[in-house]
Amino acid sequence: MTFFEYFQLLFTDYTLRTITLGTAVLGAICGMLGSFAVLRKQSLLGDAISHAALPGIAIAFLITGAKDSNVLLLGALISGLIGTFWIRGMTSKTHLKSDTALGLVLSLFFGFGMLLLTFIQKQPNANQAGLDKYLFGQAATLLEKDVAVMVLVTGISLFILLLFWKEFKILLFDADYATTLGFNTKFIDILITFFIVLAIVLGLQTVGVVLMSAMLLAPAAAARQWTNSLAVMVFLAAVFGASSGVIGTAISASQDNLSTGPVIVLVAGVFVLFSFIFSPGRGVLFREIRFRKNRADLKLKKTLQFMYGIAKTHDDFAHPHAIRILNHFQGYTKNSLSALEEKEWVEIKGQKWSLTQKGFREAKDLYNQQPIND
Amino acid sequence: METKFAVKIDDLTVAYDYKPVLWDIDLAIPEGVLMAIVGPNGAGKSTLIKAILGIIKPIAGSVSIYDQPYEKQRKLVAYVPQKGTVDWDFPTTALDVVMMGTYGDLGWIKRPGQKEKKASLEALEKVGMLSFKNRQISQLSGGQQQRVFLARALVQNASIYFMDEPFQGVDASTEIAIINILKELRKAGKTLIVVHHDLQTVPEYFDWVTFLNVKKIATGPVKEIFNDDNLTKTYGINYKVAINK
């Protein structure tokens, strides 16, 4: 199946449509909430939570014996939340820093989860197969009801996000200040963390425990490059996330033996890479171009300054001088002279140059530029 | 005439683990003063403000604002945190940050509207930052960021202002601009409590001072108590400072 055939199939094939819709919605919610995780500098929290969810899945299976994804994800949600509260408790009650707490919870919960998974695998029960799909995810197992849950949860998070937008924003920027204004920052914090955990759990079936944090971080990191507005960033992250989901699903569906989760994550990675290089404000490429341009500008202004020093000694600043003076002291004047002429800072007549009114003023103000006040 | 107290602190004690950061502080701040809190590093100056404002929970003590518990009087109080406590790369504009000052009055869920925007623009104008209203905050200089923080407190339209080192890392012109605004606020009858590091400027800028070093050393009018004796008690060395008398 080619890429094009895939998009044709999308409108006719029921399974494909379900999976595409699922990964798109998942990408959107992860991008949206991931923005908050990134801005709170809690990027690694997602990784810890997703790993912490694994024992919950195993225990839910052991208790119910069923492989209904919603039951298993409920288990994941509970153990993810327990992991989160352990992290919070460790950082606030002990001297451990948050990276240590995150690392501990991640590996302890994941280790315990793996232990349970192997235990389940050894059980003489035909039903046990397939739990390991939560490790790396398997989009193909998405059912319509799974996607319905995703859409519902995304809708609720969007609603909560819009409702508490102002509170989320002030918590992210300046939590202490929010406290003095009378906001219950603990409540806002728990609310936002809860929804981040929810988004992670939602993605476990599709992307898996191991790669889930990338879904949360990549679209947000890419979106941050393009804007200086929180609202636009959250929106863009949702769009990038959804696009990664759709494109990733399309690529993996049009090739054999490409599992969807990793492909989606890689597509999201491409978004990040592209944004890091090509975004106009913060991208590496344009920064380098600006840097070089500024350097060239500065060199030009230095020459102008030198010319100004000569012109200043005459009553008439436009008094022509021989180009040879410049050659002697400055060297490399040919290019800079034509660049200066292009900016209408100097006039060249034969072997002589003279400052223009504009150039005179530019040179005079060069060192008088006040650090911007009022 | 009986003095009216804007802030009264009783037996305030704050500790991290077993180490007391503030020990049994009693402090009454009269209405309408421009007060400096001075003391060495680690004296608990910022902690005192944070404990008063409920950001840090004290292990003992109480704070009242105009004879009512602080929790009931939040709207009378504005806060200017240290500039370094927030991430200035946060995706937002100067105006947006100032607007946050209106959030307290708005309460939960309600969004700022035209009225709040107008008040924020006025506050930006007061601190001379109106032309930067749409500037991304990471592109502001340190002094400009401090002015934005000041504007955010101004928009709260409070009676009492707590400021944590508002002169830290700002240039001379910003320092003058800020102190002029503070003096203007005092003239309007507001009470200002400022954590301050530069002892040289205390007599010039402030009319009230509190010496703090875990314990309260002294508090009162600058003219009466800003002397070598109190400085030595606070800083532990024989501190000589040129006081403009």
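Residues numbered from 1 in each chain as written. Chains lettered and ligands numbered in written order. Predicted model: local features only at pLDDT ≥ 70, side-chain atom pairs only at ≥ 80, totals over all residues. Heavy atoms only, no water.

A. Expanded view of the overall build of chain A. Within chain A, the regular secondary structure consists of 18 helices and 3 strands. For chain A, the C-alpha radius of gyration of 30 Å lies well beyond 21 Å, the compact-globule estimate for 374 residues. Reported as C-alpha extents along the three principal axes, the dimensions of chain A are approximately 100 × 55 × 35 Å. Within the span of chain A, comprising 374 residues, buried residues form 48% of the whole. The long-range share in chain A, meaning contacts at least 24 apart out of those at least 6 apart in sequence, stands at 69%. With an accessible surface of roughly 18500 Å², chain A has 65% of that area assigned to carbon and sulfur atoms. Here chain A contributes 32 positive and 24 negative side-chain charges, whose respective centroids are spaced 6 Å apart. (Helix = DSSP H or I, 4+ residues; strand = E, 2+ residues; numbered from the N terminus. Rg over C-alpha atoms; globule rule 2.2 N^0.38 Å. Buried < 20%, exposed > 50% of the residue type's maximum accessible area, 1.4 Å probe, protein only. Contact = heavy atoms within 4.5 Å. Areas by Shrake-Rupley, 256 points an atom, 1.4 Å probe, with all protein chains shown as cover. Lys, Arg positive; Asp, Glu negative; His and termini not counted. Charge placed at Lys NZ, Arg CZ, Asp CG, Glu CD.)

B. Focus on the side chain of Ser275 of chain A. Within the fold, Ser275 of chain A resides in helix 14 (residues 260-278). Among all residues touching Ser275 of chain A, those that are not within four sequence positions of it are Ala222, Gln225, Trp226, Phe240 and Gly283 of chain A.

C. Examining the packing of aromatic side chains more closely. Inspection of every chain in the model, using the stated rule, returns 18 aromatic pairs over all chains. Between Phe164 of chain A and Trp108 of chain B the ring centres are 6.1 Å apart and the planes differ by 90 degrees, which places this aromatic pair in the edge-to-face class. Here Phe164 of chain A is found in the loop between helix 8 (144-163) and helix 9 (165-173), whereas its partner Trp108 of chain B is found in the loop between helix 3 (103-106) and helix 4 (114-126) on a different chain. Centroid distance Trp88 of chain B to Phe149 of chain B: 5.1 Å. Interplanar angle 45 degrees. Geometry classified as tilted. (Phe/Tyr/Trp six-rings, centres within 6.5 Å; stacked < 30°, edge-to-face > 60°.)

D. Up close: the pattern of salt bridges. For the coordinates displayed, the defined rule picks out 14 salt bridges over all chains. Across the pair Asp87 of chain B and Lys41 of chain A runs a salt bridge, and its minimum N-O distance is 2.8 Å. With Asp87 of chain B in the loop between strand 6 (77-80) and helix 2 (94-99) and Lys41 of chain A in the loop between helix 2 (14-39) and helix 3 (43-52), this pair bridges two chains. Glu288 of chain A serves as the salt-bridge partner of Arg292 of chain A, at 2.9 Å between the closest nitrogen and oxygen. Placement of the pair is Arg292 of chain A and Glu288 of chain A together in helix 15 (residues 284-311), with a separation of 4 residues, close to one helical turn. Look at the salt bridges and you will find they share partners, linking Arg40, Arg88 and Asp189 of chain A into a network. (Salt bridge = Lys/Arg side-chain N within 4 Å of Asp/Glu carboxyl O.)

E. Here's a closer look at the environment of Asp132 of chain A. Its place among the elements puts Asp132 of chain A in the loop between helix 6 (98-121) and helix 7 (133-136). Sequence separation between Asp132 of chain A and Ser338 of chain A is 206 residues; the distance between their C-alpha atoms is 69 Å.

F. Layout of the interface of chain A and chain B. On the side of chain B, 40 residues touch chain A, which itself brings 33 residues to the contact. Between chain A and chain B, the buried area comes to about 3200 Å², and carbon and sulfur atoms account for 59% of it. By the criterion of area lost to chain B, the three top residues of chain A are Lys166, Phe173 and Tyr177 of chain A, representing 25% of everything that side buries. At the junction of chain A with chain B, the criterion picks out 5 salt bridges. Connecting chain A to chain B are 13 residue pairs in polar contact (both at pLDDT 80 or more). (Buried area = accessible area lost by both parts, 1.4 Å probe. Polar contact = N/O pair within 3.5 Å; in protein donor to acceptor, adjacent residues only side chain to side chain.)

G. Seen up close, a negative patch on the surface. Residue and element names in this part refer to chain B. Taken together, the side chains of Asp10, Asp11, Asp24 and Asp26 define an acidic patch exposed on the protein surface. For the negative patch, the elements supplying multiple residues, two or more each, are strand 1 (5-16) and strand 2 (19-30). One can find Asp26 in strand 2. (Patch = residues over 30% accessible without salt bridge, like charges linked within 9 Å, V, L, I, M, F, W, Y side chains within 5 Å.)

H. Spotlight on the packing of helix 3 of chain A against helix 12 (residues 212-224) of chain A. Residue and element names in this part refer to chain A. Running from N to C, helix 3 and helix 12 point in directions that differ by 160 degrees, and their axes come no closer than 8 Å. Classified by the interaxial angle, the pair formed by helix 3 and helix 12 is roughly antiparallel. As helix 3 packs across helix 12, the resulting crossing turns out to be right-handed. From helix 3, Ser43, Gly46, Asp47 and Ser50 reach across to helix 12, where they touch Met212, Ser213, Leu216 and Leu217. In terms of residue class, the contact of helix 3 with helix 12 is made up of 3 nonpolar, 4 polar and 1 charged. (Axes fitted to C-alpha atoms, helices over the stretch in contact; angles between N-to-C directions. Parallel < 35°, antiparallel > 145°, perpendicular 65-115°, else oblique. Left-handed = near helix turned anticlockwise from the far one by under 90°. Nonpolar A, V, L, I, M, F, W, Y, C, P; charged D, E, K, R; others polar.)

I. Representation of the sheet that holds strand 10 (residues 215-221) of chain B. All names here are of chain B. If you trace the 6 strands from one edge of the open sheet to the other, you get 6-7-8-3-9-10, paired in mixed fashion. Unpaired on one side and paired on the other, strand 6 and strand 10 mark the two borders of the sheet. Averaged over all neighbouring strand pairs, the angle between strand axes comes to 15 degrees, with direction disregarded. Here strand 3 (residues 34-38) pairs with strand 8 (residues 191-195) via 4 bridges, running parallel. The residue of strand 8 that forms the bridge with Ile37 is Val195. Of the strands in this sheet, strand 3, strand 6, strand 7 (160-164), strand 8 and strand 9 (208-213) are in contact with helix 1 (residues 45-52), which crosses strand 7 at around 145 degrees. Helix 6 (residues 172-187) contacts strand 3, strand 7 and strand 8 of the sheet and is inclined by roughly 150 degrees relative to strand 8. (Pairing = 2+ DSSP bridges.)

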